[in-house]
Amino acid sequence: MLSIAYYYARNDYIIHRELASGKGFADLVLIPRKNVDSPAIVLELKYNKDADSAIEQIKRKKYPAKVAQYTGDLLLVGINYDKETKRHECKIEMVAII
């Protein structure tokens with residue numbers, strides 16, 4: 001599913017994998033193309049943890065600072081895959097950058 005979303009996102013976003021940001025590397029950063037009215041997205045993937053820890057890592061390591069110049073709105077997305085239950089968990093937060 002993530003591959004399909006990635007494929008279609010290329011129409012509206014410039015996509016960066018493992019973008020150096022703040023104090024580490026954001027797994028996936030999507031910057032809206034010119035004339036696209038969409039928020040920037042910082043996505044952190046986790047394995048056997050939880051979506052909240054992914055969001056907290058985005059904030060703690062200051063990943064949003066890298067995209068502040070591109071947009072007024074930003075989505076922080078944390079996705080976790082639990083190997084034992086074979087379930088995905090997702091958390092999304094909207095942040096307004098001024």
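Right above here is the structure, for reference.
Because the structure is a prediction, the values reported are computed rather than measured.

Cut-offs applied
Note that residues are indexed from 1 along each chain, following the sequence as it is written. Local features in this predicted model are restricted to residues whose pLDDT is 70 or higher, and side-chain atom pairs enter the listing and the counts only when it is 80 or higher, whereas totals over whole chains, interfaces and linings include all residues. Side-chain metrics rest on all non-hydrogen atoms present in the structure, leaving aside hydrogens and water. In this analysis, rings of Phe, Tyr and Trp, with Trp reduced to its six-membered ring, are considered paired at centre separations within 6.5 Å, and the interplanar angle assigns stacked below 30 degrees, edge-to-face beyond 60, and tilted for intermediate values. By the criteria applied, helices consist of DSSP H or I runs no shorter than four residues and strands consist of E runs no shorter than two, each listed in order from the N terminus. In this scheme, a residue with accessible area under 20% of its type's maximum is buried, one over 50% is exposed, and one in between is partly exposed, where area comes from a 1.4 Å probe on protein chains only. Whether two residues are in contact is decided by their heavy atoms: any pair within 4.5 Å suffices. Any Lys or Arg side-chain nitrogen found within 4 Å of a carboxyl oxygen on Asp or Glu counts as a salt bridge. An arc is given here, and it is the one of the directions from the helix axis to the C-beta atoms. Nitrogen and oxygen atoms within 3.5 Å of one another constitute a polar contact, given that in protein one can donate a hydrogen and the other can accept it, and given that sequence-neighbouring residues count only through two side-chain atoms.

Some details on the packing of aromatic side chains
Point 1. Summed over all chains, the structure comprises two aromatic pairs.
Point 2. Between Y7 and Y8, the aromatic rings sit 5.2 Å apart at their centres with planes inclined by 85°, giving edge-to-face as the arrangement.
Point 3. Where Y47 meets Y81, the ring centres are 6.2 Å apart and the plane angle is 25°; that geometry is what we call stacked. Of this pair, Y47 sits in strand 3 (residues 40-47) while Y81 sits in strand 4 (residues 73-82); the two residues are 34 residues apart in sequence, bridging distant segments of the chain.

Brief notes about the side chain of Q57
Point 1. Within the secondary structure layout, Q57 lies in helix 2 (residues 51-60).
Point 2. On the basis of relative accessibility, which here comes to 9%, the residue Q57 falls in the buried class.
Point 3. When neighbours within four sequence positions are excluded, Q57 is seen to be in contact with E44, K46 and Y63.

Structural notes on the pattern of salt bridges
Point 1. Scanning the entire structure with this criterion turns up three salt bridges.
Point 2. As a salt-bridge pair, K59 and E93 come within 2.9 Å of each other at their nearest N and O atoms. You can see K59 sitting in helix 2 and its partner E93 sitting in strand 5 (residues 87-96), a full 34 residues away along the chain.
Point 3. Looking at E93, the relative accessible area reads 19%, which means it is buried.
Point 4. Residue K91 pairs with E93 through a salt bridge whose shortest N-O separation is 3.6 Å.

Notes on helix 2
Point 1. Restricting attention to buried positions, one finds in helix 2 the residues A51, A54, I55, Q57 and I58. With its buried residues spanning 155° around the axis, helix 2 presents them on a single face.
Point 2. On its buried side, helix 2 packs onto strand 3, strand 4 and strand 5.
Point 3. You can read the cap of helix 2 off the contacts: a side-chain oxygen lies 3.1 Å from the backbone nitrogen of D52, and it is on D50.

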